[in-house]
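# Residue-level structure breakdown
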Amino acid sequence: MKTKTIDMKNKQQVILDLKNCPLFGSVSDRVYDAGEFLFHESMPRQGIYWITKGEVEILKGIGDHPVRLTLLGDGTLLGERILLSSEIPHLTSAKTTKETRVIFLPKKYLQRIKTENQPLFEHLARIAGELLAQRLASVKGLTPLEKKVRVEHDLLGERELPANVLYGVQTQRAIENFPITGIPISNFPNLIKSLAMVKKAAALANNELGLLDEEKTSAITQACDEIVDGKYHEFFVVDVLQGGAGTSTNMNANEVIANRALEILGHPYGSYEIIHPNNHVNLSQSTNDAYPTAMRLGLLFALQSLVSAMDELKNSFAVKSNEFADVIKMGRTQLQDAVPMTLGQEFGAFATMIEEDISRVKEAMELLKEINLGATAIGTGLNSPPKYTATVRKFLLKITGLNLKTAANLVEATQDTGAYVQLSGVLKRVAVKLSKISNDLRLLSSGPRAGINEINLPPMQPGSSIMPGKVNPVIPEVVNQIAFEVVGHDVTVTMAAEAGQLQLNVMEPVITFSLFSSINHLRQGCIVLSERCIKGVSANRSHALELVEKSIGLVTALNPYLGYEKSSEVASEALTSGKSVYDIVLEKGYLTKEKLDSILDPEKMVKSED
């Protein structure tokens, strides 16, 4: 796919107008590393991005791996829709493919132009509309399928299916047999791409071992490459929940690849005497080794995206930890006042919690790198030629770039789903800790007048249809719900792993669905929590300090000086009388004012010794 630029004349006019604006000196200039996101789909618009050097891919779709729509290169503007409406969130994501230099024009800069130079803003908005129309026109949609049919047959007989679809009769039967969730496997693009990688590796191995001729190999591998590049995913239509241990998913892939290969060679779909889904695309394989291998690859790719999102969230907490380093507040245990701390320490703990879980996810990823490709049906390698297992792994390593290894015991590896149970447990751990953090955010922002109210969460939407002015902590709430779902998925994975019998676990489709769903939703939850909540959190500094000064918890600091009995006496009197701990100690003459001031200095109490 070539890098595209949109209408040089209009693009250059926008850039020229912006550069000539007196406010231009206030914009930021940043270099992004390869793989960094400029913005995420569905996130609020923050400004306009001008690529001065590099390359950015535009991605559509929230999930384990969005589909690439186009590539944009030097001199391209992104996010210009904000000139037309700042309320519409990003409809796509923008991710760098290599080191990229970007000049960023923030929303506040554009607002100043609108306020101080209305004619210029209207001029820019008009050109932005033209650019947007050109960009939308450059992204081709799917061609509607013709209302014709073709007939294919299998061992159960004949079936009609749409003439122009790439899938075949076995996929059509799966559509009929499993109308369960309405969610097609194409919702998990990493799984589809990984299936294509496995099929390509198998074709290359079969060719090297003399089982598949050059013409068929070339056509099959080209079809696989196109699927890896994001094409034809709309033809992966079988439901995510299915009987048959994933056979329907495997055959959907075999049929799409076979028919696209036939098309490449100039033959009509269904000409299986030339390239057959089973005899050629599935050669030397079984569903029982191809499907779980692809599943593991897909999970590894999806987990890479999750780790990236978790890292973004961790960094957001770390930034707030620094920002709030001097905000004195009351620490609490069992929802009761404990001892003073800083809000920075609290948010720093959140960052560390996420960082620890990133390490646990990476550990679980290592278990997924053991594959059983070459095992065929039950691990004995029946119907695969000598040296096939080592040969296919060689090609798969090259295709994926992953450090994969073949299981030492393929009979064990074909039936054992322990790695999925381990991964699911780690995802549950991530979910539980994210939910705990979300609970804390809701408590700390509660009120605002009748709660703790030490922090303010950014207001995202009106909170009530009946109570005017109410704003709810909706972002932490949705993260809580993601966590509940992930915990449920963990139970499903546990039961499905336990339900395997003898040499195969036929419940892998629900394990696949559960794990990919958990990963995708956790990933998006991390992004939403970071972008729509944590980055906008502010501290109620004076209120937090006031709570410290009024807290009975301060008496803990007096314990080394007064002893437990006197400290308890002071605490009890403060609770019943409403007086402060400070005043009671002075009244009773337990300590001098100078000594008391030194002991109860909040800044001293929050600093730990080196």
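Residues numbered from 1 in each chain as written. Predicted model: local features only at pLDDT ≥ 70, side-chain atom pairs only at ≥ 80, totals over all residues. Heavy atoms only, no water.

Moving on to the pattern of salt bridges. Proximity of charged atoms lets side chains of opposite charge pair with each other. Counting across every chain of the model gives 31 salt bridges. The salt bridge partner of Arg 159 is Glu 176, with a shortest N-O separation of 3.0 Å. Here Arg 159 is found in strand 11 (residues 157-162), whereas its partner Glu 176 is found in helix 4 (residues 169-177), with 17 residues between them in sequence. For the salt bridge of Glu 356 with Lys 433, the shortest nitrogen-to-oxygen distance reads 3.6 Å. Within this pair, whereas Glu 356 is found in helix 10 (residues 343-367), its partner Lys 433 is found in helix 13 (residues 418-444), the two being separated by 77 residues in sequence. A residue is classified by how much of its surface remains accessible, and Glu 356, at 38% relative accessible area, is partly exposed. Taking relative accessible area as the criterion, Lys 433 reaches 14% and is therefore assigned buried. Linked by salt bridges that have partners in common, Lys 329, Arg 332, Glu 346 and Glu 454 make up one network. (Salt bridge = Lys/Arg side-chain N within 4 Å of Asp/Glu carboxyl O. Helix = DSSP H or I, 4+ residues; strand = E, 2+ residues; numbered from the N terminus. Buried < 20%, exposed > 50% of the residue type's maximum accessible area, 1.4 Å probe, protein only.)

Between helix 4 and helix 7 (residues 247-264), the least distance of the axes is 8 Å, while the angle of their chain directions is 140 degrees. For the element pair helix 4 / helix 7, the angle class is oblique. For helix 4 against helix 7, the interelement crossing comes out left-handed. Where helix 4 abuts helix 7, its residues Val 169, Gln 170, Thr 171 and Ala 174 lie against Ser 248, Met 251, Asn 252 and Glu 255. (Axes fitted to C-alpha atoms, helices over the stretch in contact; angles between N-to-C directions. Parallel < 35°, antiparallel > 145°, perpendicular 65-115°, else oblique. Left-handed = near helix turned anticlockwise from the far one by under 90°. Contact = heavy atoms within 4.5 Å.)

Trans peptide bonds make up the majority, and among non-glycine residues the majority have a negative phi. Each neighbour pair has its own omega, and for Gly 447 with Pro 448 the value is 5 degrees, a cis peptide bond. Structurally, Pro 448 can be placed in the loop between helix 13 and strand 16 (455-456). Despite not being glycine, Tyr 232 shows a phi value in the positive range, around 65 degrees. Of note, Tyr 232 is situated in the loop between helix 6 (214-228) and helix 7. The residue Asn 383 is not glycine, and still its phi comes out positive at about 75 degrees.

Further remarks concern the sheet that holds strand 9 (residues 100-106). With antiparallel pairing, 4 strands are arranged side by side in an open sheet as 2-9-4-7. Bordering the open sheet on either side are strand 2 (28-32) and strand 7 (77-78), each of which pairs with just one other strand. Sheet analysis places strand 2 next to strand 9, joined by 5 bridges and oriented antiparallel. Within strand 9, the position partnered with Asp 29 by the bridge is Ile 103. (Pairing = 2+ DSSP bridges.)

Right, let's talk about the pairing of strand 4 (residues 47-53) for a bit. The buried fraction of strand 4 is high, at 5 of 7 residues. Here 6 bridges tie strand 4 to strand 9, and the two strands are oriented antiparallel to one another. Bridging across to strand 9, Lys 53 finds its partner in Arg 101. Relative to strand 7, strand 4 runs antiparallel, the two sharing 2 bridges. Its bridge partner lying in strand 7, Trp 50 is registered against Leu 77.

Take the environment of Asn 177 next. One can find Asn 177 in helix 4. Separated by 420 residues in the primary sequence, Asn 177 and Asp 597 have C-alpha atoms spaced 77 Å apart.

As a packed pair, helix 5 (residues 189-208) and helix 6 sit with axes 8 Å apart at the nearest point and diverge in direction by 160 degrees. Judged by the angle between their axes, helix 5 and helix 6 are roughly antiparallel. The handedness of the crossing between helix 5 and helix 6 is left-handed. Contact with helix 5, carried on its side by Ile 192, Lys 193, Ala 196, Met 197, Lys 199, Lys 200, Ala 203, Leu 204 and Asn 207, involves Glu 214, Thr 217, Ile 220, Thr 221, Cys 224, Asp 225, Ile 227 and Val 228 of helix 6 and no other residues of that element. Of the residues belonging to the contact of helix 5 with helix 6, the class tally is 9 nonpolar, 3 polar and 5 charged. (Nonpolar A, V, L, I, M, F, W, Y, C, P; charged D, E, K, R; others polar.)

Summed over the entire model, instances satisfying the criterion amount to 8 aromatic pairs. Plain terms: the ring middles of Phe 188 and Phe 513 are 6.1 Å apart, the flat faces sit at 55 degrees to each other, and that makes the pair tilted. In this pair, Phe 188 is assigned in the loop between helix 4 and helix 5 and Phe 513 in helix 15 (residues 508-532), connecting sequence segments 325 residues apart. You can call Phe 188 buried: its relative accessible area is 5%. Seen from their ring centres, Phe 317 and Phe 347 are 6.0 Å apart, and the 55 degrees between their planes marks the pair as tilted. Taken together, the residues Phe 317 in helix 9 (residues 287-323) and Phe 347 in helix 10 connect sequence positions 30 residues apart. Neither residue differs from the other here; Phe 317 and Phe 347 are each classed as buried. Through a chain of ring-to-ring contacts, the aromatic side chains of Phe 317, Phe 324, Phe 347 and Phe 350 assemble into a single cluster. A cation over a ring is seen here: Arg 30 above Tyr 32, with NZ or CZ 3.9 Å from the ring centre. (Phe/Tyr/Trp six-rings, centres within 6.5 Å; stacked < 30°, edge-to-face > 60°. Lys NZ or Arg CZ within 6 Å of the ring centre and 35° of its normal.)

Next up on the list: the state of the cysteines. Tallied over the full model, the rule gives 0 disulfides. Looking at Cys 526, it has no disulfide partner, and the nearest cysteine sulfur is the one in Cys 533, 12 Å off. (Disulfide = S-S within 2.5 Å.)

Attention shifts here to the confidence of the model for the protein. Summarising the model, the protein shows a mean pLDDT of 87, and 91% of its residues fall at 70 or more. pLDDT under 50 marks residues 1-9. Its contacts with residues more than four places away, or in other chains, come to 24 contacts. (pLDDT = per-residue confidence, 0-100.)

Let us look at helix 7. Spanning 18 residues, helix 7 covers 25 Å between terminal C-alpha atoms, matching the ideal 26 Å at 1.5 Å per step. Of all 18 residues that make up helix 7, 15 are buried, and the element is covered over most of its length. Just beyond helix 7, the residue with positive phi is Gly 266, at close to 90 degrees. (Expected span 1.5 Å × (residues − 1).)

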